[in-house]
Amino acid sequence: MATKQAKPVKRKGRLTVDDVRELALALPATEERPSYGTPGFRVSNKLFARVLDDDSIVIKVDFDHREALLQTQPDVFRVTPHYQDWPMVIVQLTTVKRPLLQSLLKEAWRRCASAKVLKAELSSSPETPSPRTARKRSPGRKA
């Protein structure tokens, strides 16, 4: 007798680990591998985010950005003594909004991606103009 797989539980008004997975794996060249027994997300073999438990994840950020996040949204972000000396911040899935989480994941991804991966992402991104078309000509110069 075949057993039915349970569908991921969508908790009303909050993000889940499945949401984190979806957002992280949407980033180019990202792979999911276990990290300390929980799902971790890597690019260029560098960890940029990992699940702590059903209610929180940890994301790589620079120290200045982390300080700003902690001061402006203490209900969303925190740091435990374990992460105090690491450029990481804990994000509460119970209170973070999806657009903010998506932005933080993308920023962390960029911090960890190799130059080769970043270059490939830039060249394939439709919203990013090529360097040639992005340059402005000075008014006095002719082509």
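Note that the coordinates shown come from a computational prediction; the quantities given were computed from them, not determined experimentally. (Residues numbered from 1 in each chain as written. Predicted model: local features only at pLDDT ≥ 70, side-chain atom pairs only at ≥ 80, totals over all residues. Heavy atoms only, no water.)

For this particular structure, what's the right way to read the environment of Val20?
Within the secondary structure, Val20 sits in helix α1 (residues 17–25). Residue Val20 is classed as buried on the basis of its relative accessible area of 1%. On a C-alpha basis, the gap between Val20 and Leu105 in space is 8.7 Å, while along the polypeptide they are 85 residues apart. Look past the residues within four positions of Val20 in its chain and what remains in contact with it is Phe41, Ile57, Leu93, Leu101 and Leu105. (Helix = DSSP H or I, 4+ residues; strand = E, 2+ residues; numbered from the N terminus. Buried < 20%, exposed > 50% of the residue type's maximum accessible area, 1.4 Å probe, protein only. Contact = heavy atoms within 4.5 Å.)

Can you walk me through the confidence of the model for the protein in this structure?
Interpreting fine coordinate detail is not advised for predicted regions of low pLDDT. Looking at the protein as a whole, its pLDDT mean stands at 85, while 78% of the residues score no less than 70. Predicted confidence for residues 1–9 stays below pLDDT 50, and this span has 2 contacts to residues more than four positions away or in other chains. Below pLDDT 50 for its whole length, residues 128–143 participates in 3 contacts with residues either more than four positions away or in separate chains. (pLDDT = per-residue confidence, 0-100.)

Looking at this model, I keep getting lost on α1. Mind explaining?
Two residues of an α-helix separated by three or four positions point the same way, owing to the 3.6 residues in each turn. Looking at α1, one finds that the buried residues are Val17, Asp19, Val20, Leu23 and Ala24. Buried residues in α1, looked at end-on, bunch into an arc of 155°, giving them a common side. Those residues of α1 that are buried lie in contact with β1 (30–35), β2 (38–43), β3 (46–53), β4 (56–60) and α3 (98–112). (Arc of directions from axis to C-beta.)

Explain the packing of α1 against α3 here, please?
Working note: a packed helix pair is described by the angle between its axes plus the distance between those axes. Contact geometry of α1 with α3 gives a least axis separation of 10 Å together with a crossing angle of 45°. What the angle tells us is that α1 and α3 run oblique. Note that α1 runs across α3; the crossing there is right-handed. Here α1 contributes Asp19, Val20, Glu22, Leu23 and Ala24 to the contact with α3, which in turn contributes Arg98, Leu101, Gln102 and Leu105. (Axes fitted to C-alpha atoms, helices over the stretch in contact; angles between N-to-C directions. Parallel < 35°, antiparallel > 145°, perpendicular 65-115°, else oblique. Left-handed = near helix turned anticlockwise from the far one by under 90°.)

Looking at this model, I keep getting lost on the layout of surface pockets. Mind explaining?
Leftover empty space is mapped by rolling, across the atoms, a probe with the size of a water molecule. Estimated volume of the largest pocket: approximately 210 Å³. Tyr36, Leu47, Arg50, Val58, Lys60, His82, Tyr83, Trp86, Pro87 and Met88 are the residues that line the largest pocket. Sorting the residues of the lining of the largest pocket by element identifies β3 and β4 as the ones contributing at least two each. When the residues that make up the lining of the largest pocket are grouped by side-chain class, the tally is 7 nonpolar, 1 polar and 2 charged. (1 Å grid on protein atoms, 1.4 Å probe; cavity = no way out; pocket = protein on both sides within 12 Å on 5 of 7 lines; lining within 4 Å. Points joined across faces, edges and corners; volume = space filled by probe spheres on them. Nonpolar A, V, L, I, M, F, W, Y, C, P; charged D, E, K, R; others polar.)

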